[in-house]
Amino acid sequence: MTVTGPKGFRAAGVAAGIKASGALDFTLVVNDGPLDVAAGVFTRNVIKAAPVLWSQEVLKQQKLKAVVLNSGGANAATGPGGFQDTHATAEKVAEVLGAGAIEVAVCSTGLIGERLPMAAVLSGVDSAVKALDTSPEAALNAATGVMTTDSKPKQAFAQHESGWSVGGFAKGAGMLAPNLATMLSVLTTDAVADKETLDRALRAATHITFDRLDVDGGTSTNDTVLVLASGASGVEPTETELTELLTKVSHDLVLQLRADSEGATKDVDVTVKGAASEADAIVVARTIAEDNLVKTALFGSDPNWGRIAMALGRAPARIDPETVSIAINGITLFAGGTTAEDRSAADLSGRAIDVVVDLGVGSDEATIYTTDLSHAYVEENSAYSS
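Residues numbered from 1 in each chain as written. Predicted model: local features only at pLDDT ≥ 70, side-chain atom pairs only at ≥ 80, totals over all residues. Heavy atoms only, no water.

All right, on to the overall build of the protein chain then. Looking only at helices and strands, the protein chain features 10 helices and 15 strands. Among the 386 residues that make up the protein chain, the fraction classed as buried is 55%. Just so you have it, the protein chain exposes about 14,300 Å², and 51% of that area is on carbon and sulfur atoms. Charge centroids of the protein chain, computed over 29 positive and 48 negative side chains, lie 3 Å from each other. (Helix = DSSP H or I, 4+ residues; strand = E, 2+ residues; numbered from the N terminus. Buried < 20%, exposed > 50% of the residue type's maximum accessible area, 1.4 Å probe, protein only. Areas by Shrake-Rupley, 256 points an atom, 1.4 Å probe, with all protein chains shown as cover. Lys, Arg positive; Asp, Glu negative; His and termini not counted. Charge placed at Lys NZ, Arg CZ, Asp CG, Glu CD.)

Below is the structure:
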């Protein structure tokens, strides 16, 4: 059970013919209520895809009946025509479901700069509506229909002891430095929640999950995370409970996204603690996570703490070289301004790598989830237009 695990939701994933391969490329998620409350977070990239611009407007009322998503084309940098295509897609979904276009969010992913084949998109709406179901198979197809360079669908589900639940899917394998959201993710919950509570809970959850994923420093034009609440469980959790379960599911999806990211051979947690502020902890951890010299060293299983020191030292944060320490996989290699343990003591032969930097100037901390930089990443992105 994932996106259709919570009560009140149906989903479908079909092959609309957007992808030349004939693979699943069109997804629809429908909220059957009784509530239609929704919230969303979107990319901070200034160049926003047409579906992002549309969905941002739609979410101002914080009500959604459905979300329609396609892979095989981002519909980004496509001008007024691309926005018209998004509007036409929402209108078609609304017409078939007996709803209003303003109740339909739209998401797209794929190559930037090309218009979508609208005949395929519009026929895909009809096919998806016919395939709508609550089954695990329908949920899996929905998660599969949004994939681009992903090798596998990403789904997650969690249930609270009082009976309500959160489910969802996400896609993304490259261009992952979301800055508020991920490539595309749809979350569902059958909890009873008002607009303001759902919005705050989603933002709190994404702040420490999707926003902390940074594979390659690329913030996509299409990044979107949506949450829909049906209220079908009849249970109204506290804001804390709602935030915790949304965070749990989002964190699960983030780890799946990282594990399947393009060319990755290492799963790397970069934790910065002892910072003067959370903002400082985030910027230092992100600077380390995005540094190519650090990432290539980790690819080579080399505990080269000097590269980490170099990266953190250029971050715009409060840093005192005499109080900084650097540990890799539990071994402190640098402290008090000089070498601590010999770097050979740190074993990086496994897939999991834990980098912990203590700035020693405060009490705040943050973790960024990243990967190494491999030959396969370069090869894949030199061959695939994104």
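Across the sheet, five strands lie side by side as β3-β9-β8-β7-β6; this open sheet has mixed pairing. Every interior strand has two partners, whereas the edge strands, β3 (37–42) and β6 (154–159), have only one. On average, each strand axis in the sheet is tilted by 10° relative to the strand beside it, whichever way the strands run. Bridging between β3 and strand β9 (residues 224–229) involves six bridges; their strand directions are antiparallel. Counterpart to Phe42 in the pairing with β9 is Thr224. (Pairing = 2+ DSSP bridges. Axes fitted to C-alpha atoms, helices over the stretch in contact; angles between N-to-C directions.)

Residues given the UniProt feature "binding site: substrate" (unreviewed entry) here are Thr148, Lys171, Thr182, Glu262, Asn381 and Ser386. Inspection of the secondary structure assignment puts Asn381 in helix α10 (residues 375–383). (UniProt positions renumbered as here; feature names shortened; annotations may be inferred.)

What follows deals with the sheet that holds strand β4 (residues 66–71). An order of β1-β2-β4-β5 is seen for the four strands of this open sheet, with the pairing classed as mixed. Of all strands in the sheet, those with a lone pairing partner are β1 (9–14) and β5 (104–109), marking the two edges. On average, each strand axis in the sheet is tilted by 10° relative to the strand beside it, whichever way the strands run. Where β1 and strand β2 (residues 26–31) come together, six bridges link them in antiparallel fashion. Following the sheet pairing, Ala12 is matched in β2 by Leu28.

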